[in-house]
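Structural features, examined
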Amino acid sequence: CQEIWKTVRSRAVWQPMGFVYLYNVLQVTNAAWRQYLTSVLGFTADQLNILLVITYILLFVGVMAYKCYFMKWSWRMVYVFTTLLGGFFSLLQISLLKGYTFGLSPFLFSLGDDAFGEFVSGIQFLPTIIMMAHLCPVGSEGASYAMFTTVNNSALALSSALTTLLLGIWDVSKETM
């Protein structure tokens, strides 16, 4: 327990973990997006499931892309690049809302934000895991890694809760859409 506390107090640990936590908390997603896809664009349950499967495939492809192409990049550059790439794919939601799909069906175009957003997450996943593994003190690897992943996952859960709270700002009821 003392080794873990010593590790947590180290600036080399809390600073990158704090960054990862804040970064993940600020990943505000569109909680009403699935409702929009079904209510307005008329996506079926099958189409939503296909989107989900493609999303998970692209998550794996993102992990492999990091391993093949981004492994030599600095941790910071990976996050800068993927943040910009994620921002681009998120802007595609606005284009879909306005009906500008560049000749593609709304289903194919919706892959931009949903599926390619997970591709970006896949690229970010490995450097975070590698960092966490390097921060673990000898003899307490399991407990330390569990603590670091709990911090990471709790940030994602908090982000989801904040996103849901933000829905109260606008009327995103089914009738409004």
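In this text, all values refer to a predicted model and were calculated from it rather than measured experimentally.

Relative to the elements of secondary structure, T55 occurs in helix α4 (residues 45-70). The class for T55 is buried, based on a relative accessible area of 7%. If near-sequence neighbours (up to four positions away) are discounted, T55 is found in contact with D114, A115 and E118.

Among the secondary structure elements, S154 is positioned in helix α7 (residues 141-166). Expressed as a C-alpha distance, the spacing of S154 and V25, which sit 129 residues apart in the sequence, is 8.6 Å.

This part is about the confidence of the model for the protein chain. Within the protein chain, residue pLDDT values average 85, and 98% of them lie at 70 or more. The secondary structure element of the protein chain with the lowest average pLDDT is helix α1 (residues 2-9), at 77, and the one with the highest is α4, at 93.

This next bit is on the packing of aromatic side chains. Inspection of the entire model under this criterion finds 14 aromatic pairs. Taking the centre distance of 4.9 Å and the plane angle of 90° together, the rings of Y23 and Y79 count as edge-to-face. With Y23 in helix α2 (residues 11-25) and Y79 in helix α5 (residues 75-98), the pair connects residues that are 56 residues apart, well separated along the chain. Of the two residues, Y23 and Y79, neither departs from the other in class, the shared state being buried. Among the aromatic residues, those joined into a ring-pair cluster are F19, Y23, W75 and Y79.

What counts and what doesn't
Residues numbered from 1 in each chain as written. Predicted model: local features only at pLDDT ≥ 70, side-chain atom pairs only at ≥ 80, totals over all residues. Heavy atoms only, no water. Helix = DSSP H or I, 4+ residues; strand = E, 2+ residues; numbered from the N terminus. Buried < 20%, exposed > 50% of the residue type's maximum accessible area, 1.4 Å probe, protein only. Contact = heavy atoms within 4.5 Å. pLDDT = per-residue confidence, 0-100. Phe/Tyr/Trp six-rings, centres within 6.5 Å; stacked < 30°, edge-to-face > 60°.

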